[in-house]
Amino acid sequence: MLNRLTDTLAFQSQALQLRAERQRLLASNIANADTPGYQARDIDFAQALRGAAGEAQGAALRTHAAHLGGAGGGAAAGGAGAWALQAQTNLDSNGVDMDRERAAFADNAVRYEATLRFVNGSVRNVLDAMKSHNAA
Amino acid sequence: MSMFQIFNISGSAVSAQSQRLNVVASNLANVDTVAGPDGSVYKARQVVFQTHLFGSEQSAGVRVAEVQEDNTPGRRVHDPKHPQADAQGYVTYANVSSIEEMVNMISASRSYQNNVEVMNTAKNLLQKTLQLGQ
């Protein structure tokens, strides 16, 4: 019973963790924008989340056929970080596209915050469910 | 928590960029330095960045691997009246290109700003994470 209450929370905390992971990866890319030979990395968030959710509790969270479905298959990006595509060739073979990295960083920050709000909402839901009727 | 690593990553980058800025400042300050009687003159310096991993493959910071000296000969100007002119009347200046150094400076300062902004964003996100459930 308690599982059902906290399932959503567990899933969202996984998403939050992956967002934090991606944020760190993007920060690494931005930090190494001037390092010769460095190749930018990124993770396929949807695939990584699918992998993480599958590891933890199977398809328990797919409450709707359209949830987390997507294309599926393909190469496993995982949390290790796949190499990002190089936008243009540099003389020092550095593969960081600063515009793309900054955009991805801002995007990921907003999505992280959104996930935070979802977690907050879930916590509030659980708390509301636990409240007594008799309380003033 | 992996987000805390961002401060290490961006901190190392900021430190490396400020070292680069330091070297640019030295180079620019010595743009008009001439060779002494022994013929030795200031040589332009250049930092070499290297990826520095913090624990895992996913948190890649930066460090300055070495500071290289530019060994190209300095520019020689014919000025027999100059007190430091050699027997042929030539003065040897440091091999610093002020244009190159200015470009380097702008690039370093932009990268510095980028990394500071990354840290600010990470700080905001972490503060919001700390308020979770309240």
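Residues numbered from 1 in each chain as written. Chains lettered and ligands numbered in written order. Predicted model: local features only at pLDDT ≥ 70, side-chain atom pairs only at ≥ 80, totals over all residues. Heavy atoms only, no water.

Moving on, we come to the overall build of chain B. A count of helical and extended segments in chain B gives two helices and four strands. Scanning chain B from its N terminus toward the C terminus, one meets helices and strands in the order α-β-β-β-β-α. Computed over its C-alpha atoms, the radius of gyration of chain B comes to 22 Å, more than 25% above the 14 Å expected for a compact globule of 134 residues. Dimensions of chain B along its principal axes, counting C-alpha atoms only, are 80 × 25 × 15 Å. With 134 residues in all, chain B has 35% of them scored as buried. (Helix = DSSP H or I, 4+ residues; strand = E, 2+ residues; numbered from the N terminus. Rg over C-alpha atoms; globule rule 2.2 N^0.38 Å. Buried < 20%, exposed > 50% of the residue type's maximum accessible area, 1.4 Å probe, protein only.)

Right, let's get into the interface of chain B and chain A. Across the contact, 33 residues belong to chain B and 28 residues belong to chain A. Note on chain B versus chain A: buried area summed over both sides is about 2,600 Å², and carbon and sulfur give 56% of it. Where chain B meets chain A, there are three salt bridges. The closest approach of N and O atoms between B:Arg20 and A:Asp34, which form a salt bridge, is 3.0 Å. Counting only elements with at least two residues in the side of chain B that touches chain A, the list comes to helix H1 (5-29), strand S1 (45-53), strand S2 (60-69) and helix H2 (98-130) of chain B. Among the elements that line the side of chain B that touches chain A, the one with the most residues is H2(B), at ten residues. Taken together, the residues that form the side of chain B that touches chain A break down as eleven nonpolar, 18 polar and four charged. (Contact = heavy atoms within 4.5 Å. Buried area = accessible area lost by both parts, 1.4 Å probe. Salt bridge = Lys/Arg side-chain N within 4 Å of Asp/Glu carboxyl O. Nonpolar A, V, L, I, M, F, W, Y, C, P; charged D, E, K, R; others polar.)

As a further point, take H2(B). For H2(B), which comprises 33 residues, the first-to-last C-alpha distance of 48 Å matches the rise-based estimate of 48 Å (1.5 Å per residue) to within 8%. Along H2(B), the residues classified as buried are B:Glu101, B:Asn104, B:Ala108, B:Ser111, B:Asn114, B:Asn115, B:Val118, B:Met119, B:Ala122, B:Leu125, B:Leu126 and B:Thr129. (Expected span 1.5 Å × (residues − 1).)

To continue, consider the pairing of S2(B). Residues and elements named next belong to chain B. Here S1 runs beside S2; their pairing, made up of nine bridges, is antiparallel. In the strand pairing of S2, Val-48 is matched with Glu-66. Counted along the chain from S1 to the antiparallel partner S2, the turn is six residues long, and its residue Gly-55 has a positive phi close to 75°. (Pairing = 2+ DSSP bridges.)

Residues and elements named next belong to chain A. For chain A, mean pLDDT is 77; residues scoring 70 or higher make up 74% of the total. The spread of mean pLDDT over the elements of chain A runs between strand S2 (residues 82-83), the lowest at 68, and helix H3 (residues 98-130), the highest at 91. Segment residues 57-79 is flagged for pLDDT under 50; beyond a separation of four residues in sequence, or across chains, it makes 24 contacts in the model. (pLDDT = per-residue confidence, 0-100.)

A word on the pattern of salt bridges. Residue and element names in this part refer to chain A. One pass over the structure, following the stated rule, counts eleven salt bridges over all chains. Arg-22 is paired through a salt bridge with Asp-42; the nearest N and O atoms lie 2.8 Å apart. Here Arg-22 is found in helix H1 (residues 2-31), whereas its partner Asp-42 is found in strand S1 (residues 41-42), with 20 residues between them in sequence. Overall, the relative accessible area of 11% leaves Arg-22 in the buried class.

Counting residues in each nonpolar core, the largest one holds 22 residues, and the members touching the most others are A:Phe105, A:Tyr112, B:Met3, B:Ile6 and B:Val118. Taken together, the elements giving at least two residues each to this core come down to H1 and H3 of chain A together with H2 of chain B. It is H3(A) that provides the largest number of residues to this core, a total of six residues. When residues no more than four places from it in sequence are discounted, the contact partners of B:Met3 are A:Ala20, A:Gln23, A:Tyr112, B:Ala122, B:Leu125 and B:Leu126. Counting residues in each nonpolar core, the second largest holds ten residues, with A:Ala15, A:Phe45, A:Ala48 and A:Ala53 among its members. (Core = buried A, V, L, I, M, F, W, Y, C linked by side-chain atoms within 4.5 Å.)

Now for H1(B). Across its 25 residues, H1(B) extends 36 Å between first and last C-alpha, which sits within 8% of the 36 Å expected from 1.5 Å per residue. Buried residues of H1(B): B:Ile6, B:Ile9, B:Ser10, B:Ser12, B:Ala13, B:Val14, B:Ala16, B:Gln17, B:Arg20, B:Val23, B:Val24 and B:Asn27, and no others.

A word on the packing of aromatic side chains. Enumeration according to the criterion identifies zero aromatic pairs over all chains in this entry. Taking NZ or CZ as reference, A:Arg19 lies 3.5 Å from the ring centre of A:Phe45, over its face. A cation over an aromatic ring shows up here: B:Arg75 above the ring of B:Tyr93, its NZ or CZ 4.7 Å from the ring centre. (Phe/Tyr/Trp six-rings, centres within 6.5 Å; stacked < 30°, edge-to-face > 60°. Lys NZ or Arg CZ within 6 Å of the ring centre and 35° of its normal.)

Glancing now at unusual backbone geometry. Residues and elements named next belong to chain A. Phi angles above zero are rare outside glycine, and Ser-93 is one such case at about 50°. Following the sequence through the fold, Ser-93 ends up in the loop between S2 and H3. Judged by its relative accessible area of 36%, Ser-93 is partly exposed.

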